[in-house]
Amino acid sequence: AGAFTKATKKVEALYETPYESHSCMEPLNCIANVTEDACEIWGPIQGPDWIQGSLAQHLKLPMEKVVVNMTFLGGGFGRKAFTDYPYEAAMISKAIKAPVMVVWTREDDMTAGPFRPGMVYQCKGSVSDSGRISSFETKIAGQNMGLQGPGNDDKSSYNESDTEGFLEPYFESIPHYSFGDKPLDSPIPVMWWRSVYASTNGFAFESFLDEMALTAGKDPLDFRRQHLGNPRYQELINKLEAVSGWKKRGKNEGYGVAITECFSSIVGEVVKVSKKADGKVKIDKVWAVMDCGWYVNPDIIRAQVEGSIVMALGAATKHGTHFADGKAVEKNFNTYRMPRINDTPEIEVHVIDNEEKAGGVGEPGLPPFTPALTNAIFDLTGKRIRVLPFSLEEV
């Protein structure tokens, strides 16, 4: 607070992200066969150990008497690590003393949740006369996923995920920083959504860093580079700059960049936008550079990053869950619109080769896309987008 008060170059901004449904393409489903002394289930189970422990507890069976058979997920995104749908199948099977298959309807899925929590971010920061960050403060208002369920209602506990998505070297290069949260009470059930808190934190953090770069009069990529002294991050930035042609940007093109870190992997993305003949904004291309450390199959990495970008595109420009009279308004894909193939831009993915420890690849590609997109739109139009979702048709 002292550093911010003394600074001459300051910036403040408020960012907002909506509740989101997981909307896995394959609906929630499970087959269960519960007998007097055993339980066996089959389904798209994302967390088999959690499901096994949950069913053993509810059925009062030894762990070894609960068998969990994992099928293909048909999309998971964190939702299929939850224990409710296997529990439902197992309880019905126990009651009718026969095997049972439970399949949720799309309306079940979209109205019952749990959802990604809606979040609001209050950001304040300052830059020195030399163009470096002198203070950085973020306060978050939203539901704490760690406080869900009975016995987890200590609102005084600090949310350890407040900094998720923030790059580690910033903690060394920024002299004064503060992260805080205000846990909100709400009956809306919430839980993990692909990349967890980084999916919303990343939008706020990387949008605000762009606004700070503007305040400092610096190129957004160079502004990040000067605060990220670690050679691993420098290599990623250099690669991102080279493949995207960042230094060769045209006058009628908008370029935006964002770099986030989660699940021990670093991902940088550049989005290029331009205007169509009717003056509306279109996304031309996305470049992504993934540093997940040591890896085996680069094709799987590219597929996961592409899928993450498409999912982020939907959450940024297509859908969000709203509530009225205690119920979710969006109940199916006629109102919860998903990105279609003609909405999807060209995506180019590059994977960094190094000997670092292996990180995740299924989720880290999602957080940087939205801030890179909104930063690109600002670069092209001068319009700063701070509330999601927004429509490209209305920019």
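The structure under discussion appears in the preceding block.
Caption draft 1: Representation of unusual backbone geometry in the model. Residue P114 follows G113 across a cis peptide bond; omega there is -5°. Take P114: it is sitting in the loop between helix 4 (106-112) and strand 6 (119-127). Cis peptide bonds are those with omega within 30 degrees of zero, and the linkage from L388 to P389 qualifies with -10°. Topologically, P389 is positioned in the segment after helix 10 (369-381).

Caption draft 2: Quick peek at the sheet that holds strand 1 (residues 9-17). Strand order in the open sheet made by the four strands is 1-6-7-8, with mixed pairing throughout. Strands with a single pairing partner mark the edges of an open sheet, and in this sheet they are strand 1 and strand 8 (177-183). Along the sheet, successive strands turn relative to each other by an average axial angle of 10°, direction set aside. Here nine bridges tie strand 6 to strand 7 (residues 133-142), and the two strands are oriented antiparallel to one another. Bridge pairing links V120 to A141 in strand 7. Taken strand by strand, helix 6 (residues 198-216) contacts strand 1, strand 6, strand 7 and strand 8, and its axis lies near 155° from that of strand 1.

Caption draft 3: Geometry of the environment of E235. Inspection of the secondary structure puts E235 in helix 8 (residues 231-244). E235 gets classed as partly exposed once you look at its relative accessible area, which sits at 39%. Considering only alpha carbons, one finds E235 and R225, 10 residues apart in sequence, at a separation of 9.9 Å. Beyond its immediate sequence surroundings of up to four residues, E235 is in contact with I352 and D353.

Caption draft 4: Looking closely at the pairing of strand 9 (residues 254-262). With respect to burial, strand 9 is a largely interior element, nine of its nine residues being buried. What you see with strand 9 is no split at all: G254, G256, A258, T260 and C262 on one side and Y255, V257, I259 and E261 on the other are buried throughout. Hairpin connection between strand 9 and strand 10 (residues 265-275): a loop of two residues separates the two successive antiparallel strands, and F263 in this loop has a positive phi of roughly 50°.

Caption draft 5: Representation of the sheet that holds strand 3 (residues 39-43). Overall, mixed pairing links the four strands, which are arranged 4-3-2-5 in an open sheet. Because the sheet does not close on itself, it has two edges, and the strands there are strand 4 (66-70) and strand 5 (100-103). Here the average twist between neighbouring strands, direction ignored, is 15°. The strands touched by helix 2 (residues 48-59) within the sheet are strand 2 (29-34), strand 3 and strand 4, with strand 4 carrying the most contacts at an inclination of about 145°.

Caption draft 6: Inspection of the side chain of D210 at higher detail. For D210, the location among the structural elements is in helix 6. According to the relative accessible area criterion, D210 is buried, its value standing at 7%.

Thresholds, definitions, all that
- Numbering of residues starts from 1 in every chain and runs along the sequence as written.
- Confidence filtering applies because this is a predicted model: local features only for residues at pLDDT of at least 70, side-chain atom pairs given and counted only at 80 or more, and all residues used for totals across whole chains, interfaces and linings.
- Excluded from the side-chain calculations are hydrogens and water; all other atoms, namely the structure's heavy atoms, are used.
- Secondary structure elements follow DSSP: runs of H or I of four or more residues count as helices, runs of E of two or more count as strands, with numbering from the N terminus.
- Strand pairing follows a simple DSSP-based rule, namely that at least 2 bridges must link the two strands.
- Orientation is described by axes fitted as lines to C-alpha atoms, over the contacting stretch for helices, and by angles from 0 to 180 degrees between their N-to-C directions.
- Pairs of residues are marked as contacts when any of their non-hydrogen atoms sit within 4.5 Å.
- Accessible area is worked out with a 1.4 Å probe on protein chains only. A residue is then buried under 20% of its type maximum, exposed over 50%, and partly exposed in between.

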